[in-house]
Each structure stands twice: as structure tokens, then as C-alpha cells.
Amino acid sequence: MSQSFDDISAQLKRRHRKSARLKWISMGALGLAGLFLVLFFADMLVKGLPAFQQAQIQVEIDYNEDASRMGRAALDPEVSRLVSRTFERMIPVQLRNNPDLLGTTETRWVLADSEVDQYLKGNRHKLSESQQATVDRLVAQGDLALKFNTTFFTSGDSKMPEASGILAAAVGTVMTLLVTLAIAFPIGVMTAVYLEEFAPDNRLTQIIEININNLAAIPSILFGLLGLAIFINFFGVPRSTPLIGGMTLALMTLPVIIIATRTALRSVPDSIRHAAFGVGCSRWQVVRDHVLPLAMPGIMTGSIIGLAQAMGETAPLIIVGMVAFIPDVSPSFTEAATVLPAQIFTWAGEPEKAFVEKTAGGILVLLAILIFLNATAVMLRKKFERRW
Amino acid sequence: MSRHESSRPEPGQPVTRNADAHHELSIRVRDLSLWYGDSQALKNINIDIYQKNITALIGPSGCGKSTFLRCLNRMNDLIPNVHLEGLVEMDGFDVNAVKMDEVALRRRVGMVFQKPNPFPKSIYDNVAYAPRMHDLVSRKADQDELVEKALRDAGLWEEVKDKLHQPGTSLSGGQQQRLCIARAIAVQPDVILMDEPTSALDPISTATIEDLMDKLKRQFTIITVTHNMQQAARVADYTAFFHLGEIIEYNNTKTMFANPATKKAEDYITGRYG
């Protein structure tokens, strides 16, 4: 006997209710995730944006005899406590390098001490009552103000918050990632090409395949141990350098690139391979001229995402000595350097309150670069995506 | 007359001959058997294929006709677990010999596939790629000339001469298939294999391709697999009927369709099964 519409509708009502419920639950999950993301970004922005501003003070510098021994002597005693000590230390150096300066005076904006900076930003500070009064007066005169913090982008780490910046770490990150890319990209792509296009499907290749997939899931700190044991202890690669960091991160990025490349190669339809074989291509010509160009957008997207992942990695770099106090921009691949997340990690451990905003500022820079990299990956995919 | 014109008919020769057709041997196949793993797909195939004719391979699905076609340019090498016995001879060379380079073979035996599969490159590069790869042309002018000739021979030149640098995939299905034919003939092969070249096309594109095949057979030996009985009757000079991995009947097309020698072929041709 066939069912009437009424019977069917009664059943359907229950089913529709169920799907509506599921829809609301999934939308709720999405909303919650979005909310956390917004909260995270808002918190980072509130904490990190002040790091891009820094108190600067206009002082008269008197290059006298005493100043060549102790920089503070060049400044008015009233403001000398308010000026960054890194600046005071620079004065004797300047005089030594340029003796003509002796006896001259100069008025310019210089870095203020981080306590002044924190006072102006309304954070906890250690200024005395009289110093606060002086600061207030200087602000009223226009000789003390919050200005864009170029130091943050032009210098390396420092024990003094006002003088510390992320340049050394940013350069270190670029150098480390260059090493990672130079190692992981060719090896990863060629491995995937071999496994997908050349290797016979036998027990050995299956074992290799399973192991590569497992490698992608290994805790990253183990790659650090591997780097320490093999690269540093066995091959004697210098520690703390972009070279060893890049090599270690390359180990970590390899499986990501291999898996992404294999997926990209597999998505190239066989009809293209047949067409190429049909006109008399050798296996390598098929891969080079037809399969790889089609797979390239996928390969690039996967590699960029793998690199972005490597860029945010800290744990394996602790083991190879890249999480350290590195005040200078590394001049070569074999000299000490640090990377952005390591710098953030270092700052997060500093006791001074002023480093809190540096930490958040560093995170903002790291996030900006990551978003840029991921956007590039999406754009590359869109740009080179071809129909066939 | 060819050396196979002897009094005792050799296996693989058609029963009767088309008196006005060419009779020079192109490909000689003797006792060819092929296995995918354990299952045998071809059983003792014997066939002589004649130059500058169209030979149609017909038969129900799974009868081994496409497998046989792929033996002729060793495309079966790409499939794992294929095992093969017997002789496929072209120009006196065993194409399956170890020393025979499959690239050299495919240079002389071109292929057109069931689904049009132009390279995701420009129309021009689709045609120019293979000649460039095989070093048939060096100067740009020669290359242009070769591309034009191949496209003219494939009957596509008038339609695409103003958009040679647009992607090959932007053409219609029938045009794409003719582009694939142009790509195959650009290297001047001896033989062109066609694996159901019109099965993905509409009737008008199909008619165009059939006309084209008729013209091309002046220059090339064409072997085509088809499911379309009328197509075989229209274009082919010789027809081989495959069934369960065997050639049941091989004859000139007129005789085959007018007066099939075997019951199976007759039933298939008249549409009783298949």
C-alpha cells in the first residue's frame, strides 16, 4: 500500500527538524571559532600596537671632555636619567670615531628610557615623583613624545627594552627559511616525482610511503634532536646558525612538501600522460613538460604552507641553539642567528614589563608575515589553476 | 606483390582481398597473447595490417580490441602486471624486443585517444611540441610551416589560424579531437592508432573526423577501434571482429558486412548482441 502525503509529511517533519538542529550546531561551532579568533587578534593588537610607538626625547648633547669617558656627562643631569642608556653609551664611541665633534653641541631626538615610555603609555613604571614631574613638563614643552618606533624594526635584541628590535630575528628567519627551501624543495619534489611517476608499486615503496606519512606527524622537537645528533655532532655543522636551523627545519618540511607534491601530481589526469607518451615522450619528458607544469600550483601552495609552518616553529630550534640572545644581524649563514618565534619566546621570558608589548608586537609581525605567505599561496593557486 | 601472397593462406590474412586496395604489409602480428595479471585478455592473435588502409577493430566491450591496439605502440607497458607473448613486427623489427626503444616506436606509431586530450598548451604548441622534441625542426619558420601543414591535413587550419596561441582546451570537442590528430601526424608517423576516436563526439563532428580519416589514409596506415558498426562499414577497408580476446573474423569490410563467414560476426554485425 502506498503512503499518503500526510504520512510522508509527518516523517519528513522529524527529519527536517534533525537537519535544522545539526545546521545550528555547526553554525554555532563556526561562530565560536570565529569569536576566539577575533578575541585573539584584538588582544594581540591591544597589547602589541603600543610596541610600534616609543617615547623619544629631545635633548641637547654637549660633546665635552668628560663625555668621552662617560656619555651621561654630555647631557643635562635633569634629563640624563630619562634617556636610554644605550644612547648614553654611544656618545663616547661617537667621539672616539669622530674627534672633530669635541667641543660642539647638538640638539636632537633620542630614545627615552623604557620607564618613561611605560609611564607615557600608562603602564606600571619605576619613575620617582620628581622624574614624573619632569616628564610631564617636557611633554608640555613638546620635548618628549611618543613617536613611531623605528628602532623596533632596525635593531636586534637588547637587554634594554627601548633598544630592542626584531630586525636580527627577521633576517635570521629569512636566512633560515632560504636554507630550508633550498634543501627541502628540490629533495621533496624529486622524491615525490620518483614515488608517483617512476617507482614500481611494491612492498618497499609502500613502506617508504607509510614512513613519509608518519614523519609528518612526528613532534617537531624530535627533528631538533635529530639535527643535534646528526648535523651538529656527526657532521660538525656550526650550532645556532641559519645553516643548522634551516637544515633541521628542512627535515620537518620535507614530508609536508612530499605529500603536497604527490597529491598535486596525482591530480594531473592520466589522459595528459597518455597523450605525452603517445607522441613519443620519454618518462622524464612526460614529467618535465606536462605533469610538473600542471602540478606546479599545487606544489607551490603546499611548499609555501610547509614553509609557513617551519617559520612558526620554535621547539626544534631550541635544541640546535637558535633560541638565544642574539643582538646582531647575522652576517652569514654560518654565524649565530635567531628567528622570529624564538625572539618572541625570548622576550616572553624577560622580567621587564616593557617586554610584554615587544612580545605582542613581535607576534603581530610574525602573524603579518604568515598571513602574507598564506595569501601568496592562495594567489598562486588561483593564478596558475588551469582547466584541462 | 607482397611476399605474403602465397598459395597457402598464412594465419592473419583476410580471407578475400580488396582488389584495388594497397597490399603492402605494415604490421604483422603472430600468436600474440596478453595477460593482465592472471587473466588472459588476448588469445593467439594473428593479423596482417596493410599500409595506407583503414583497418577497423570491432567487437563487444571487453573483447580486447583496445588492448590489442595498445600493443601496437606498447602503451600497455604503462600498465603494471602485463605479460605478453608472441610477435608484433613492423618493418621487420619486433616491436617488443628488448632493444626496441618504445620512444622510437611511438615516433612511428602515433595515437589518438577516445577522449580528446590536447595538452594544456596553446594550439600551436600542441602541434609543435612533438616535432620540436624529436628534433624534426630547428628553425622557427620550418616549425610554423610544419604546424600549418599538420593543421591543414587535420582539417583544422581554417578554424584556428587566427587563434593559434589560444589554449587547445578552448576548442570544441570535435575540434580538440582534430587537434589531437594534427598533433599525431605532425611527426609524420607511419601508423596512426585511433581508440574510438569519435565516441565522445556528436554526429556532425563524427562525420568530419570520418571524412578526415578517409583523406589521411592516403598518407598513413590507420587502425581504429570502434563501437559503431556503421562507422566501420563507412570508413574501413578491412575489419577485424574480436570476441573474448580472439579474432573471430578478419576480412575486407565489404565482404565482412555483406557476407560474414562466421555466425558470431554475423550476429554482432546485425545487432543481435554487443
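Keep in mind it's a predicted model, so treat the numbers as computed, not measured.

Asks: Looking at this structure, how should I read the interface of chain B and chain A?
Replies: Interface size is commonly expressed as the accessible area that is lost once the parts come together. In this complex, chain B contributes 19 residues to the contact, which on the side of chain A involves 18 residues. Secondary structure elements with two or more residues in the side of chain B that touches chain A: α2 (102-108), β6 (109-112) and α3 (123-133) of chain B. In terms of residue count, α2 of chain B provides more of the side of chain B that touches chain A than any other element does, three residues in total. Taken together, the residues of the side of chain B that touches chain A break down into 11 nonpolar, four polar and four charged.

Asks: How do you make sense of helix α3 (residues 85-97) of chain A when you look at a structure like this?
Replies: Each α-helix turn comprises 3.6 residues. Residues three or four places apart therefore point the same way. Residue and element names in this part refer to chain A. Helix length check: α3 (13 residues) gives 19 Å between terminal C-alpha atoms against 18 Å at 1.5 Å per residue, within 8%. The complete set of buried residues in α3 reads F87, I91 and L95. In this structure, the buried side of α3 is in contact with β1 (53-62) and β2 (105-111).

Asks: Would you mind going over the domain arrangement of chain A with me for this structure?
Replies: Residue and element names in this part refer to chain A. Along its sequence, chain A is carved into domain 1 (50-148) and domain 2 (167-384). A straight line from the C-alpha centre of domain 1 to that of domain 2 covers 44 Å. Facing eight residues of domain 1, the contacting portion of domain 2 comprises seven residues. When the residues that make up the side of domain 1 that touches domain 2 are grouped by side-chain class, the tally is three nonpolar, three polar and two charged.

Asks: Please clarify how the sheet that holds β2 of chain A should be interpreted in this entry.
Replies: All names here are of chain A. Pairing is antiparallel in the open sheet, where three strands are placed in the order β2-β1-β3. Among the strands making up the open sheet, the edge pair consists of β2 and β3 (144-148). Put simply, the sheet's adjacent strands are angled 35° from each other on average, direction ignored. Here seven bridges tie β1 to β2, and the two strands are oriented antiparallel to one another. Within the sheet, the bridge partner assigned to I61 lies in β2 and is E106.

Parameters at a glance
- Residues numbered from 1 in each chain as written.
- Chains lettered and ligands numbered in written order.
- Predicted model: local features only at pLDDT ≥ 70, side-chain atom pairs only at ≥ 80, totals over all residues.
- Contact = placed C-beta atoms within 7 Å.
- Helix = DSSP H or I, 4+ residues; strand = E, 2+ residues; numbered from the N terminus.
- Nonpolar A, V, L, I, M, F, W, Y, C, P; charged D, E, K, R; others polar.
- Expected span 1.5 Å × (residues − 1).
- Buried ≥ 20, exposed ≤ 12 C-beta atoms within 10 Å, placed from the backbone.
- Domains from an automatic or database assignment.
- Pairing = 2+ DSSP bridges.
- Axes fitted to C-alpha atoms, helices over the stretch in contact; angles between N-to-C directions.

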